[in-house]
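Okay, here's what each chain looks like letter by letter:
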Amino acid sequence: MYTSYISGLGHYVPENVVTNDDLAQLMDTNDAWIQERTGIKERRHIKKGDGNSTSIMGVKAATIALERAGIQPEEIDLIVFATLSPDMYFPGGGVQVQDLMGMRTIPALDVRNQCSGFVYALSVADQFVKTGMYKHVLVIGSENHSGGLDFTTRGRGVSVIFGDGAGAAVVSRNDKDKGGILSTHLHSEGKHKDELSLQGPSTNYWVPQIIAEDPQDDIPYYPYMNGQFVFKNAVVRFAEVIKEGLEANQLSVSDIDLLIPHQANLRISQFVQRKFKLSDDQVYNNIQKFGNTTAASIPIALSEAWEEGKVKSGDLIVLAAFGSGFTWGSAIIRWI
Ligand SMILES: CC(C)(COP(=O)(O)OP(=O)(O)OC[C@H]1O[C@@H](n2cnc3c(N)ncnc32)[C@H](O)[C@@H]1OP(=O)(O)O)[C@@H](O)C(=O)NCCC(=O)NCCS
């Protein structure tokens, strides 16, 4: 068995800043409501004509990650692409990255685990590197939420929360030192699949049926979220899976140098912080400026924290996510 580590990180967000006041021009909402419930002040949205898409943002983040890892696109052995908002129904974003980055005919795998997508994708990469099958795996989380949200008052409970962006990590074989990705821990509970979901278009509910029914209220092609139910489950599962990861490595909460929770809602991160009695310096949040970017949120936050010098060699970094499915997971990393 080999060990693995993150050899490079990168992130990209569109230039177009959308404030809470901007959203209040489109729907019945206001800055105070959004900030009080979610902590979000602004988010980024792709602007028509700015050349971005889910896969293109992924490529921009990946290009930075590869540069920082000091490796060329042709050295990547596998792409794992996490998104809930692909450019196309099929094929997935991974193959587009393979093409756009001029990579060899390497495998490209898409992961559909929504807000847990990056932790799931990282876990897949970690297994392939640890078994020795691959040396460098490119992991991308990217989302174009603004392309598919309801920006009328009807959709305000969901659409104020989500933003666009991408983050990427190169997972490499570790022959340098001890440490790296120590373990990953994944879970699902499909009985709650409808509580945070997008029903169609899908094979259960295809486009002609949607057009024929002409739904006015319960629109199936916009996401549905049972916000309070999601909140209650998230705080429990975040805490559980962080503890599970620490215990698997004989570590405790006091060993954490930086917790990077999926940026679901600032109130959820604060709840977890209080539960574990962590200081502000031990928890990284950037939801205030980017909103919830689903599969992209952890790699954007990790890349940004690294740029700010908050992720240093020897640090214990804990990643944790929860989201639609429900799915949740954690990764315990001794940074190299
Ligand atoms: C979505 C969330 C912010 C809503 O907050 P809440 O306190 O649960 O609010 P509710 O849904 O009960 O709605 C309260 C009122 O605000 C209204 N409201 C909803 N969205 C609004 C908005 N953007 N602006 C203003 N009012 C809004 C509702 O219509 C409701 O009005 P009513 O009382 O007249 O019916 C909160 O439930 C949450 O953050 N949940 C977790 C979501 C999450 O993390 N999702 C990502 C998971 S990965």
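You'll find the structure just up there.
All residue numbers refer to position in the chain's written sequence, counted from 1. pLDDT decides what is reported in this predicted model: residues at 70 or higher carry local features, side-chain atom pairs at 80 or more are listed and counted, and totals for whole chains, interfaces and linings draw on all residues regardless.

**Q** Is there a simple way to think about the overall build of the protein in this case?
**A** Along the backbone of the protein there are 11 helices and 13 strands. For the protein, whose C-alpha radius of gyration is 19 Å, the value lies close to the compact-globule estimate of 20 Å for 336 residues. Along the first, second and third principal axes, the C-alpha set of the protein runs to 60 × 45 × 35 Å. Counting other C-beta atoms within 10 Å of a residue's own tells you its class, since 20 or more makes it buried, 12 or fewer makes it exposed, and anything in between is partly exposed; those C-beta atoms are placed from the backbone. When the 336 residues of the protein are sorted by exposure, 47% land in the buried category. Numbering of helices and strands runs from the N terminus; a helix is a DSSP stretch of H or I covering at least four residues, while a strand is a stretch of E covering at least two. Values of the radius of gyration come from C-alpha atoms, whereas the globule rule sets the reference at 2.2 Å times the count of residues to the power 0.38.

**Q** Would you mind showing me how to read the environment of N265 here?
**A** Within the secondary structure, N265 sits in the loop between β11 (258–261) and α9 (266–275). Separated by 227 residues in sequence, N265 and T38 have C-alpha atoms that sit 4.9 Å apart. In this description, any two residues whose backbone-derived C-beta atoms lie within 7 Å of each other are considered to be in contact. Ignoring anything within four residues of it in the chain, the contact list for N265 reads T38, G39 and F231.

**Q** How should helix α5 (residues 117–130) be read in this particular structure?
**A** Each α-helix winds once per 3.6 residues, and so residues spaced three or four apart point in a common direction. Here the expected length of a helix is defined as 1.5 Å per residue gap, with one fewer gap than residues. Counted at 1.5 Å a residue, the expected span for α5 with its 14 residues is 20 Å, and the 20 Å between its end C-alpha atoms agrees. In terms of residue burial, α5 counts as a mostly covered element, since 10 of its 14 residues are buried. Those residues of α5 that sit buried are G117, F118, V119, Y120, A121, L122, S123, A125, D126 and V129. Within two residues after α5, G132 carries a phi angle of roughly 90°, on the positive side.

**Q** Got a minute to help me understand the site of the ligand in this structure?
**A** Each residue receives a C-beta atom placed from its backbone. It is near a molecule or strand if this atom lies within 6 Å of it. The environment of the ligand is made up of 20 residues, and the closest members are T29, C115, R156, G227 and A264. Considering every element that reaches the shell around the ligand, the biggest residue donor is helix α8 (residues 227–248), with five residues. The nonpolar class holds Ala, Val, Leu, Ile, Met, Phe, Trp, Tyr, Cys and Pro. Asp, Glu, Lys and Arg form the charged class, and all remaining residues, Gly among them, are polar. Of the residues assigned to the shell around the ligand, the class counts are 10 nonpolar, eight polar and two charged. Boundaries of every domain are those given by an automatic assignment or by a domain database. Viewed by domain, the shell around the ligand spans two of them, domain 1 (4–173) and domain 2 (180–334), each represented by three or more residues.

**Q** What should I look at first to understand the sheet that holds strand β12 (residues 316–323) in this one?
**A** Strand pairing is defined by DSSP finding a minimum of two bridges between the two strands. One open sheet accounts for four strands, arranged β8-β13-β12-β11; its pairing is mixed. With partners counted over all chains shown, the strands left at the sheet margins are β8 (180–188) and β11, one partner each. Taken pair by pair, the neighbouring strands of this sheet meet at an average axis angle of 10°, ignoring direction. Bridge analysis of β8 against strand β13 (residues 327–334) gives eight bridges, and the strand direction is antiparallel. Counted as the bridge partner of H185 is S330 from β13. As a rule, the C-alpha atoms of each element are fitted with a line to give its axis, helices using only the stretch in contact, and angles between N-to-C directions run from 0 to 180 degrees. The sheet contacts of α5 involve β8, β12 and β13, and relative to β8 the element is tilted by about 125°.

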